[in-house]
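# Close look at the chain arrangement
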Number of protein chains: 2
Amino acid sequence: MSRRGTSKQESPRNASDIESRILATYGKLSRSERQLADVILAQPGGISEFSASELAELAKVSKATAARFFQRLGYLNYRSARVAAREYRRRGSPLDTLNELSAPLEARGNFGIHLANDLANLTRTGESAAPEQIDAAVRTLCKSRRIFVVGFRNSYALAAYAFAVLNTVRANVTLLTPGNLDLVELLADIGPGDALFAIGFRRCPVILHQLLAVAQKRKAKTLLICDAEASATMQWSDIQLICDIRGTYLFDSYVSGISIINFLCSTSALELGPSAWRRLEEIEELHESTNDLSDTGA
Amino acid sequence: MSRRGTSKQESPRNASDIESRILATYGKLSRSERQLADVILAQPGGISEFSASELAELAKVSKATAARFFQRLGYLNYRSARVAAREYRRRGSPLDTLNELSAPLEARGNFGIHLANDLANLTRTGESAAPEQIDAAVRTLCKSRRIFVVGFRNSYALAAYAFAVLNTVRANVTLLTPGNLDLVELLADIGPGDALFAIGFRRCPVILHQLLAVAQKRKAKTLLICDAEASATMQWSDIQLICDIRGTYLFDSYVSGISIINFLCSTSALELGPSAWRRLEEIEELHESTNDLSDTGA
DNA sequence: GGCTCCATGAAAAAAAAGTTTCTTCTTGCT
DNA sequence: AGCAAGAAGAAACTTTTTTTTCATGGAGCC
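Before going further, it helps to examine the overall build of chain A. When you go through chain A residue by residue, the secondary structure sums to 14 helices and five strands. Among the 298 residues that make up chain A, the fraction classed as buried is 47%. A fraction of 63% describes how many contacts in chain A between residues 6 or more apart in sequence connect residues 24 or more apart.

So, about the sheet that holds strand E1 (residues 146-151) of chain B. All names here are of chain B. Ordered by their spatial adjacency, five strands build an open sheet running E2-E1-E3-E4-E5, and the pairing between neighbours is parallel. Looking at strand neighbours, the two that pair on one side only are strand E2 (173-176) and strand E5 (239-243), the edges of this open sheet. Here the strands of the sheet are splayed against their neighbours by 15° on average, with no regard to which way each runs. With four bridges joining them, E1 and E2 adopt parallel strand pairing. By the bridge assignment, Ile147 is partnered in E2 with Val173. Against the sheet, helix H8 (residues 131-143) makes contact with E1, strand E3 (194-199), strand E4 (221-227) and E5, and its axis sits at roughly 120° relative to E5, the strand it touches most. Where helix H11 (residues 206-217) meets the sheet, its contacts fall on E1, E3 and E4, and the angle it forms with E3 comes to roughly 160°.

With that out of the way, let us pick up the pairing of strand E4 (residues 221-227) of chain A. Residue and element names in this part refer to chain A. When you tally the buried positions in E4, you get seven out of seven residues, the bulk of the element. Taking every second residue as pointing to the same face, both faces of E4 are buried, with Lys221, Leu223, Ile225 and Asp227 on one and Thr222, Leu224 and Cys226 on the other. Taken together, the five bridges between strand E3 (residues 194-199) and E4 define a ladder with parallel strand orientation. Among the inter-strand pairings, Ile199 is bridged to a residue of E4, identified as Ile225. Assessed by its sense of winding, the connection that carries the chain from E3 through helix H11 (residues 206-217) to E4 is right-handed. Direction of pairing for E4 relative to strand E5 (residues 239-243): parallel, over a ladder of five bridges.

Turning next to the protein's contact with DNA strand D. Around DNA strand D, 19 residues are found, and the nearest of them are Ser32 of chain A together with Ser51, Ala64, Ala67 and Asn77 of chain B. Of all the secondary-structure elements, those providing two or more residues to the surface near DNA strand D are helix H2 (31-41) and helix H4 (63-72) of chain A together with helix H3 (52-58), helix H4 (63-72) and helix H5 (78-90) of chain B. Here the element with the most residues in the surface near DNA strand D is H4 of chain B; it accounts for five residues. Here the surface near DNA strand D is built from residues that sort into seven nonpolar, seven polar and five charged.

Within the fold, Leu122 of chain A resides in helix H7 (residues 109-128). Its 29 C-beta neighbours within 10 Å are what place Leu122 of chain A among the buried residues. If sequence neighbours within four positions are ignored, Leu122 of chain A has contacts with Val255, Ser256 and Ser259 of chain A together with Leu115, Asp118 and Leu119 of chain B.

Residue and element names in this part refer to chain A. Here H2 has its buried residues at Glu33, Leu36, Ala37, Val39 and Ile40. Projected onto a plane normal to the axis of H2, the buried residues spread over an arc of 165° and lie on a single side. Where H2 is buried, its residues touch helix H1 (18-25), helix H3 (52-58) and H4.

We now examine the protein's contact with DNA strand C. Among the 18 residues in the neighbourhood of DNA strand C, the closest are listed as Ala52, Ala64, Ala67 and Asn77 of chain A together with Ser32 of chain B. When contributions to the surface near DNA strand C are tallied by element, the ones reaching two or more residues are H3 and H4 of chain A together with helix H2 (31-41) and H4 of chain B. If you tally residues by element for the surface near DNA strand C, the top one is H4 of chain A, at five residues.

The next subject is the sheet that holds strand E2 (residues 173-176) of chain A. Residue and element names in this part refer to chain A. Taken in spatial order, the five strands of this open sheet run E2-E1-E3-E4-E5, and their pairing is parallel. Edge strands, defined here as strands with exactly one partner in the open sheet, are E2 and E5. Going from strand to strand, the sheet's axes swing by 15° on average, the running direction of each strand aside. Across six bridges, strand E1 (residues 146-151) lies against E3 in parallel orientation. By the bridge assignment, Val150 is partnered in E3 with Ala198. Sitting on the sheet, helix H9 (residues 154-167) is in contact with E1, E2 and E3, with an inclination near 155° to E1. Its contacts with the sheet place H11 against E1, E3 and E4, and it is angled at close to 160° to E3.

All names here are of chain A. Between H9 and helix H13 (residues 255-272), the shortest axis-to-axis distance is 10 Å and the interhelical angle comes to 20°. When the axis of H9 is compared with that of H13, the two are roughly parallel. As H9 packs across H13, the resulting crossing turns out to be right-handed. Residue-level inspection shows Leu158, Tyr161, Ala162, Val165 and Leu166 of H9 in contact with H13, the latter providing Gly257, Ile258, Ile261, Asn262 and Cys265. Here the residues of the contact of H9 with H13 are counted per class, giving eight nonpolar, two polar and no charged.

Before going further, it helps to examine the packing of H2 of chain A against H4 of chain A. All names here are of chain A. Between H2 and H4, the shortest axis-to-axis distance is 10 Å and the interhelical angle comes to 80°. One way to sum up the angle between H2 and H4 is to call them roughly perpendicular. Contacts from Ser32, Glu33 and Leu36 in H2 reach Thr65, Ala66 and Phe69 in H4. Taken together, the residues of the contact of H2 with H4 sort by class into three nonpolar, two polar and one charged.

With that out of the way, let us pick up the confidence of the model for chain A. Close inspection of predicted coordinates is inappropriate in any region flagged by low pLDDT. All names here are of chain A. Residues at a pLDDT of 70 or more form 82% of chain A, whose mean pLDDT is 79. By mean pLDDT, helix H6 (residues 94-101) is the weakest element of chain A at 37, and E3 is the strongest at 95. Contacts from residues 1-15, a stretch scored under 50 in pLDDT, to residues over four places away or in other chains number 13 contacts. Every residue in residues 92-108 scores below 50 in pLDDT, and together they form 35 contacts with partners more than four places removed in sequence or on other chains.

Reading the values: the criteria
- Residues numbered from 1 in each chain as written.
- Chains lettered and ligands numbered in written order.
- Predicted model: local features only at pLDDT ≥ 70, side-chain atom pairs only at ≥ 80, totals over all residues.
- Helix = DSSP H or I, 4+ residues; strand = E, 2+ residues; numbered from the N terminus.
- Buried ≥ 20, exposed ≤ 12 C-beta atoms within 10 Å, placed from the backbone.
- Contact = placed C-beta atoms within 7 Å.
- Pairing = 2+ DSSP bridges.
- Axes fitted to C-alpha atoms, helices over the stretch in contact; angles between N-to-C directions.
- Right-handed = clockwise from strand over helix to strand, strands pointing away.
- Near = placed C-beta within 6 Å.
- Nonpolar A, V, L, I, M, F, W, Y, C, P; charged D, E, K, R; others polar.
- Arc of directions from axis to C-beta.
- Parallel < 35°, antiparallel > 145°, perpendicular 65-115°, else oblique.
- Left-handed = near helix turned anticlockwise from the far one by under 90°.
- pLDDT = per-residue confidence, 0-100.

See below:
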């Protein structure tokens, strides 16, 4: 019982978060206070990541003003504002429910953060992508006689995707599955006119370097999709496409890799024109004739 | 030359974030340190929201230990760890990108359009995602004794991804590779306490239905990631996560699928807690001892 | 057993952070 | 102009946080 927090301890307002409180009084703020308000509102992570002094400094305002600001906002002091912000942000975390009463956990909030991060990855990747590298990649994918697709560990999934899509668009695409001896055959086989399409995101095995190096030595084109940290690998490839892969928590995000691969293959299909369409059509017919797809819809 | 960061200032490691640093040494930590590590890893928002004292209290450990912990992790002091965490989290903030570019995407020609489409897919998927389905999915991934991951055609790549990530987090995960006889073995083997994690995007073969149906009949949990058009398949699964997959040109876009899978696995790791972290560390160590990764960076 | 080594917490010391006081400055009003 | 009110910074002050020092206790070794 007892809605704690309505006591004199805290603010009379029951406004939930700092942002609301600020916005509710934004018009009545003085110049310095507004500077502070602006700084605070501009923090996507909320104020709990900052000390009052830091905020003051960011707003080019004295610590005194900052201290007063939070009191005027209705908090007992900065500390209580900070923990309030933290609690607020925390609502909706799966851990919450886990810790508090293991009943139905409600994971709403964090998913949003996760998606926002992936959105940012995509956007940044798009911004930094070099058009001429993309062009070169498409040309390579279209003009090479044979294409070998390779990727290890996490990158294997992307390689599998690239293979699946590319293979519907053109012939002579091979996915080198890790762990078998195809790799050796490749080394014996690859040459001018071929291309090695490598996916080499963070934590990729050294063998990828070796494959790229050999392919290059044999005059095959080498195309690498990787992240910015893979600079060691990049030097072994003719064309590099660099993706943003930052994840919110433990794992890197590969959405931008997937997206680029899709784009490359789509564009290649466009470039190949009728031959690609004919192939797509044939594949479709094959599936229909074997009747193995279940797309009857709703 | 010039491995910045080797100076006395900071750590010799170039590990980017605190979580990585912790995982890299998790096994070598003492009891108290591990308590701290657990508390820290359990914070989805990172440490920057907390003071070292607060962390110490949460971990039931003295402030002294906390202070030492961050130094041992390679930071100059707690403050620098906190700032690092904040910076790390900040990179890639959606605000960053939203504020800074927003316009130029469309100036990027077809690639920009393509990316914009993927962005929209992600956003829509996020908006329509049902939190209780996500919760249920995470619970299933954590609590099931064994998990079988399956996907055909394009969905195979996503299944491979799901397998790769899930497998770093928990044991008893199996990827059913299409085309071999594992499928039959599965049918004989699966039962209550197991889960079938199926990726069934458009144009999936009927065998997926069959697998799901059998799993369900045998009281295994069935979890399906699919698109809105797969309603025929959905009826065979206990939990459905529906992604937007509209592509700009020939191919569907799987970015939202990748994103959801990443989220599910991350959240599962959080929920599994120490057991997941220990596993991550073991895997990391195995790779290090076999020396097969090439992460030396620049 | 006696020894060292190391982890740990308690407490002291050092350093920041946060709050209050006091003074200055601006602004608006008469 | 003179005055009052309020805002803001500097600096003094208080509180909290962080680091270091020191003492204790346990694990492993001779």
